[in-house]
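# Structural characterization, general
Listed below are the residues making up each chain.
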Amino acid sequence: MPSSPRPNVGAAQAPSAFTRAPVDNAVPQRVPGKFEPPKVRKILSLDGGGVRGLSIIMILKYIMKNLNRQRGTALHPWQEFDMIGGTSTGGIIAIMLGRLRMSLDECEEAYKTLSKKIFSATAHGNANPRRIYDFLKANGKFDERPLEESIRDTLWGRNLAENELLQERDSEACKVFVCATRAENSAG
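Before going into details, it helps to say that this report is about the structure given with it. Once a new chain begins, its residue numbering starts again from 1 and follows that chain's sequence as written. The predicted nature of this model means local features are confined to residues of pLDDT at least 70 and side-chain atom pairs, given and counted, to a pLDDT of 80 or more, with totals for whole chains, interfaces and linings taken over all residues. Values reported for side chains reflect all heavy atoms of the structure, with hydrogen atoms and water molecules removed beforehand.

## Description of helix H4 (residues 104-118)
- For H4, which comprises 15 residues, the first-to-last C-alpha distance of 20 Å matches the rise-based estimate of 21 Å (1.5 Å per residue) to within 8%.
- For every residue, the accessible area (1.4 Å probe, protein chains only) is compared with the maximum for its type, and the residue is labelled buried under 20%, exposed over 50%, or partly exposed between those bounds. To qualify as a helix, a DSSP run of H or I must reach at least 4 residues; to qualify as a strand, a run of E must reach at least 2; elements of each kind are numbered from the N terminus. Inspection of H4 places Leu104, Cys107, Glu108, Ala110, Tyr111, Leu114, Ser115 and Ile118 among the buried residues, and these make up the whole buried set. Helix span, expected: 1.5 Å multiplied by one less than the number of residues in the helix.

Here it is, written out as structure tokens:
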């Protein structure tokens, strides 16, 4: 039975991903003769939250303002992060910032417009106490038509077709992903 390869490091302490482990010629390396530390990737993850998504934008404005002040040059989130992703309304913001390359001010205005159309309690039926509670807690199920209309308007405002394929062709560009569930799979 062939023996298993032994690790490159001693039992005392494993090297971090950014230090070079001692080379043991008896143990095959991933890339023979080369060792480069992994490139640091910056990932921005945005949670959903209905109308509270505006707070995501405000917090990100604060973070970007401080980063830009420290480095002495102004960058947008799509220039700062390698990947931007989100769930629910965080996913919408991720698309606006990462794929549509909106500034944070443009994103805030678009989000406010979108919020007025899709998150108003009156747009979703009678104002009974349970629906109002769900609305305020961002638990409510929203009609997709105002959302689709708002997204279409946002695309048109940026001179993009409503069926614009949101696939980036530049391999070095900020990647974007959205996490969602099918309506019939969600609880409630």
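## With respect to the pattern of salt bridges
- Salt-bridge detection follows one rule: a side-chain nitrogen of Lys or Arg within 4 Å of a carboxyl oxygen of Asp or Glu. Applying the stated rule across the entire model yields eight salt bridges.
- Between Lys61 and Glu108 there is a salt bridge, with its nearest N and O atoms 2.4 Å apart. Placement of Lys61 in helix H1 (residues 53-71) and of Glu108 in helix H4 is noted, with a sequence separation of 47 residues between them.
- For Lys61, a relative accessible area of 26% translates into the label partly exposed.
- In this structure, Lys112 and Glu109 form a salt bridge, with 3.8 Å as the shortest nitrogen-oxygen distance. Placement of both Lys112 and Glu109 in helix H4 is noted, with a separation of three residues, approximately one turn of the helix.

## With respect to the environment of Leu97
- With respect to the secondary-structure elements, Leu97 resides in helix H3 (residues 89-99).
- Along the chain, Leu97 and Gly85 lie twelve residues apart, while their C-alpha atoms are 9.8 Å from each other.

## Some points on the nonpolar core
- Ile84, Ile93 and Met96 are the most contacted members of the largest nonpolar core, which has 24 residues in total.
- A per-element tally of this core places H4 first, with six residues.
- With residues near it in sequence (within four places) discarded, Ile84 still touches Leu44, Leu46, Pro77, Trp78, Ala94, Leu97, Gly98, Cys174, Lys175, Val176 and Phe177. We define a nonpolar core as any set of buried Ala, Val, Leu, Ile, Met, Phe, Trp, Tyr and Cys residues linked to one another through side-chain atoms lying within 4.5 Å. Here a residue-residue contact requires only that any non-hydrogen atoms of the pair lie within 4.5 Å.

## Section: unusual backbone geometry
- Although it is not a glycine, Ser88 adopts a positive phi angle of roughly 60°.
- If you trace the backbone, Ser88 turns up in the loop between strand E2 (83-87) and H3.
- If you check the backbone angles, Arg101 has positive phi at about 55° while not being a glycine.
- Relative accessible area serves as the criterion here: at 31%, Arg101 is assigned to the partly exposed category.

## Digging into the sheet that holds strand E3 (residues 175-179)
- Paired strands, as defined in this entry, are two strands with at least two bridges between them according to DSSP. The strand order across the open sheet formed by three strands is E1-E2-E3, and the pairing between neighbours is parallel. The open sheet has two edge strands, strand E1 (43-46) and E3, and neither has a second partner. Sheet twist, expressed as the mean angle between neighbouring strand axes with direction ignored, is 15°.
- Two elements, E1 and E2, share four bridges in a ladder whose sense is parallel. Residue Ile43 lies in a different strand from E2, and its bridge partner there is Met83.
- Lying on the sheet, H3 is in contact with E1, E2 and E3; it crosses E2 at an angle near 155°. Note on definitions: angles span 0 to 180 degrees between N-to-C directions of axes, and those axes are lines fitted to C-alpha atoms, for helices only across the stretch in contact.

## A word on the side chain of Ser103
- The topology assignment puts Ser103 in the loop between H3 and H4.
- Apart from the residues lying within four places of it in its own chain, the contact partners of Ser103 are His76 and Leu97.

## Some thoughts on the packing of H3 against H4
- The geometry of H3 relative to H4 is characterised by a closest axis approach of 10 Å and an angle of 140° between their N-to-C directions. With respect to H4, the element H3 is oriented oblique. In terms of crossing hand, the pair formed by H3 and H4 is right-handed. Taken together, the residues of H4 that come into contact with H3 (itself represented by Thr89, Ile92, Ile93, Met96 and Leu97) are Leu104, Cys107, Ala110, Tyr111 and Leu114. Our angle categories are set so that under 35 degrees counts as roughly parallel, over 145 as roughly antiparallel, 65 to 115 as roughly perpendicular, and the remainder as oblique. Left-handed is the label given to a crossing in which the near helix is rotated counterclockwise from the far helix by less than a right angle, and right-handed is the label when the rotation is clockwise.

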